[in-house]
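The residues making up each chain are set out below.
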Amino acid sequence: MMKRALMAMATFGGAMATALGAYGAHGLAKVAPPHLVESFNTAVTYQFFHCLLLMAVALWMRSNSSRLLAWGGALVVLGILGFSGSIYALVLLGTKGIGLITPLGGILLILAWLLLFVAVWRWERVA
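Described in the following lines is the structure provided in the data block. (Residues numbered from 1 in each chain as written. Predicted model: local features only at pLDDT ≥ 70, side-chain atom pairs only at ≥ 80, totals over all residues. Heavy atoms only, no water.)

### A few points about helix α1 (residues 2-26)
Threshold: The helix count covers DSSP runs of H or I at least four residues long, the strand count covers runs of E at least two residues long, and both are numbered beginning at the N terminus. For a helix, the expected span equals 1.5 Å multiplied by the number of residues minus one. Partly exposed describes any residue whose relative accessible area lies between the buried limit of under 20% and the exposed limit of over 50%, with all areas from a 1.4 Å probe on protein chains only and scaled to the type maximum. Pairs of residues are marked as contacts when any of their non-hydrogen atoms sit within 4.5 Å.
Its 25 residues place the ends of α1 36 Å apart at the C-alpha level, agreeing with the 36 Å of an ideal helix rising 1.5 Å per residue. Among the residues of α1, Leu6, Ala10, Gly13, Gly14, Ala17, Leu20, Gly21 and Gly24 are the ones counted as buried. Tucked inside the fold, the buried residues of α1 contact α2 (34-60) and α3 (67-93).

### Let's talk about the packing of aromatic side chains
Rule in force here: Note on aromatic contacts: the rings of Phe and Tyr and the six-membered ring of Trp form a pair at centre separations within 6.5 Å, being stacked when their planes are under 30 degrees apart, edge-to-face when over 60 apart, and tilted otherwise.
Counted under the stated rule, the structure contains 4 aromatic pairs. Ring plane angle 75° and centroid distance 6.3 Å describe the contact between Tyr23 and Phe40, whose orientation is recorded as edge-to-face. Remark: Phe40 occurs in helix α2 and Tyr23 occurs in helix α1; sequence separation between them is 17 residues. Relative to Tyr88, the ring of Phe40 lies with its centre 5.2 Å away and its plane at 55°, an arrangement referred to as tilted.

### Digging into the nonpolar core
Put simply, the test is: Grouping buried Ala, Val, Leu, Ile, Met, Phe, Trp, Tyr and Cys residues that are joined through side-chain atoms within 4.5 Å yields what is termed a nonpolar core.
Judged by nonpolar contacts, the single largest core of 32 residues is most densely connected at Leu6, Phe40, Leu54, Val57 and Leu69. Of all elements in the fold, only α1, α2, α3 and α4 (101-126) reach the threshold of two or more residues within this core. For this core, the leading source of residues is α2, giving 11 residues. With residues up to four places along the chain from it excluded, the contact list for Leu69 reads Val57, Trp60, Met61, Asn64, Leu116 and Ala119.

So this is what it looks like as structure tokens:
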């Protein structure tokens, strides 16, 4: 169940990153200053990379049902929402206070990568 949910989030998130990236490249520059366009594009880039990570985790879970993988995947999802989502809200909605969530999203992404590192370490020892 978790594998399917992570893969669904990864593929939907990739589609959304594509759409948001197109908007950032073609429409946003007409209505936002360059520094906000740059921030928006950073959020899109992080979303893309982390959607690819989610796909890898979902595929990895087919052969290894580790709790570390499940937690790592969940933290990736929360990290994308926190990091990229808060930047999107800041740029598109002008929501200044939500910018405090951005570093928390980044921390969740870092923690996800570290959990996945531990999963690799344990997986290699078992295999």
